[in-house]
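Commentary on secondary and tertiary structure
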Amino acid sequence: MRAARPELILASASPRRLALLNQIGIEPDHLIPAHVDETPERGELPRRLAQRLAHTKAVAVQKKAKQAGLASGAIVLAADTVVAVGRRILPKAETMDEAADCLKLLSGRSHRVYTGVCVLSPGGHAHERVVDTRIRFKRLSNKDIEAYLASGEWNGKAGGYAIQGIAGAFALKLSGSYSAVVGLPLYETVSLLAGEGYPVQFGWLNPVATGV
């Protein structure tokens with residue numbers, strides 16, 4: 001049965017995206033991170049950036065996999081998350097100052113998280129979606145910001161926060177897909193994979209023994 005299933009490549013080294021896939025019973029055959037330039041193009045809108053980067057990552061990883069002789073018939077799954085306030089795209093915070101600026105901007109206001117997903121067929125045909133989630137943060141005190149910065153959870157995160165961690169306590173309201181904010185919208189991902197012929201229920205037939 002395993003041999004009849006097409007192989008799946010997750011174009012990411014993100015433990016969050018892998019954990020989300022595992023949550024719905026999907027185990028990628030290969031994890032290949034995509035190293036692409038994530039700089040927004042001049043005048044590029046947040047939604048378009050999320051879509052473009054997801055597509056670019058998928059294409060780059062498919063090329064890398066073929067060059068390495070890995071699974072020429074594999075399906076590639078890629079995603080990218082962009083946090084924005086209006087048209088302003090927030091960075092993936094690499095320094096404490098960047099994270100602090102993001103948190104101060106997000107404090108007491110609403111923002112949007114755009115997550116692009118791309119499923120690339122072995123022949124290079126792309127199936128894509130962009131999920132738009134709205135989040136409103138509480139007003140953050142200086143103590144909130146200082147303590148969160150000290151936690152280190154902001155490092156490398158779009159908008160300078162990780163909703164699945166401590167920052168979950170900042171969210172007054174979330175309208176849309178929680179899993180998309182974490183890094184991978186599960187409903188859309190399953191739909192795209194199923195549309196490409198990937199048996200998304202394959203893992204459901206082999207539950208882990210719990211002893212219950």
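Everything in this summary refers to the structure shown in the same document.

Calculation criteria
- Residues numbered from 1 in each chain as written.
- Predicted model: local features only at pLDDT ≥ 70, side-chain atom pairs only at ≥ 80, totals over all residues.
- Heavy atoms only, no water.
- Core = buried A, V, L, I, M, F, W, Y, C linked by side-chain atoms within 4.5 Å.
- Buried < 20%, exposed > 50% of the residue type's maximum accessible area, 1.4 Å probe, protein only.
- Contact = heavy atoms within 4.5 Å.
- Helix = DSSP H or I, 4+ residues; strand = E, 2+ residues; numbered from the N terminus.
- Salt bridge = Lys/Arg side-chain N within 4 Å of Asp/Glu carboxyl O.
- Pairing = 2+ DSSP bridges.
- Arc of directions from axis to C-beta.

**Re the nonpolar core**
- In terms of nonpolar packing, the biggest core is built from 44 residues, with Ile 26, Leu 77, Tyr 148, Tyr 161 and Leu 193 touching the most fellow members.
- Apart from residues lying up to four places away in sequence, Tyr 161 is in contact with Leu 103, Leu 106, His 111, Val 113, Ile 135, Phe 137, Tyr 148, Trp 154, Ala 167 and Val 181.
- The next biggest cluster of nonpolar side chains, apart from the first, holds 14 residues, and it includes Ala 11, Ala 54, Val 61 and Ala 78.

**Remarks on the environment of Pro 122**
- Within the secondary structure, Pro 122 is located in the loop between strand S5 (110-120) and strand S6 (126-137).
- When the C-alpha atoms of Pro 122 and Phe 202 are compared, they prove to be 20 Å apart, with 80 residues separating the residues in sequence.

**Points about the pattern of salt bridges**
- One pass over the structure, following the stated rule, counts ten salt bridges.
- Glu 44 is the salt-bridge partner of Arg 52, the closest N and O atoms lying 2.7 Å from each other.
- Overall, Arg 52 belongs to the buried group, its relative accessible area being 15%.
- The closest approach of N and O atoms between Arg 47 and Asp 132, which form a salt bridge, is 3.8 Å. Within this pair, whereas Arg 47 is found in helix H2 (residues 46-67), its partner Asp 132 is found in strand S6, the two being separated by 85 residues in sequence.
- Exposure remark for Asp 132: the relative accessible area of 23% places this residue in the partly exposed category.
- Connected through salt bridges with shared partners, the residues Glu 38, Lys 57, Asp 80 and Lys 92 form a single ionic network.

**Notes on the pairing of S5**
- For S5, the buried fraction is high: nine of the eleven residues fall into the buried class.
- In this structure, strand S3 (residues 75-85) lies alongside S5, joined through nine bridges in antiparallel fashion. The residue bridging Leu 77 from the neighbouring strand is Val 119, located in S5.
- Across eleven bridges, the pairing between S5 and S6 is antiparallel. Residue pairing across strands places Thr 115 opposite Val 131, the latter belonging to S6.
- From the end of S5 to the start of S6, which pair antiparallel, there are five residues, and Gly 124 there has a positive phi angle of about 95 degrees.

**Some points on helix H6 (residues 186-195)**
- When we look at burial in H6, the residues that qualify are Leu 186, Glu 188, Thr 189, Leu 192 and Leu 193. Angularly, the buried residues of H6 cover 165 degrees about the axis, an arc narrow enough to put them on a single face. What points out from H6, more than 90 degrees from its buried face, is the exposed set Tyr 187 and Gly 195.
- At its buried positions, H6 is contacted by strand S1 (8-10), helix H1 (15-23), S3, S5, S6 and helix H5 (178-182).
- Immediately beyond the C-terminal end of H6, within one or two residues, lies Gly 197, with a positive phi of roughly 90 degrees.

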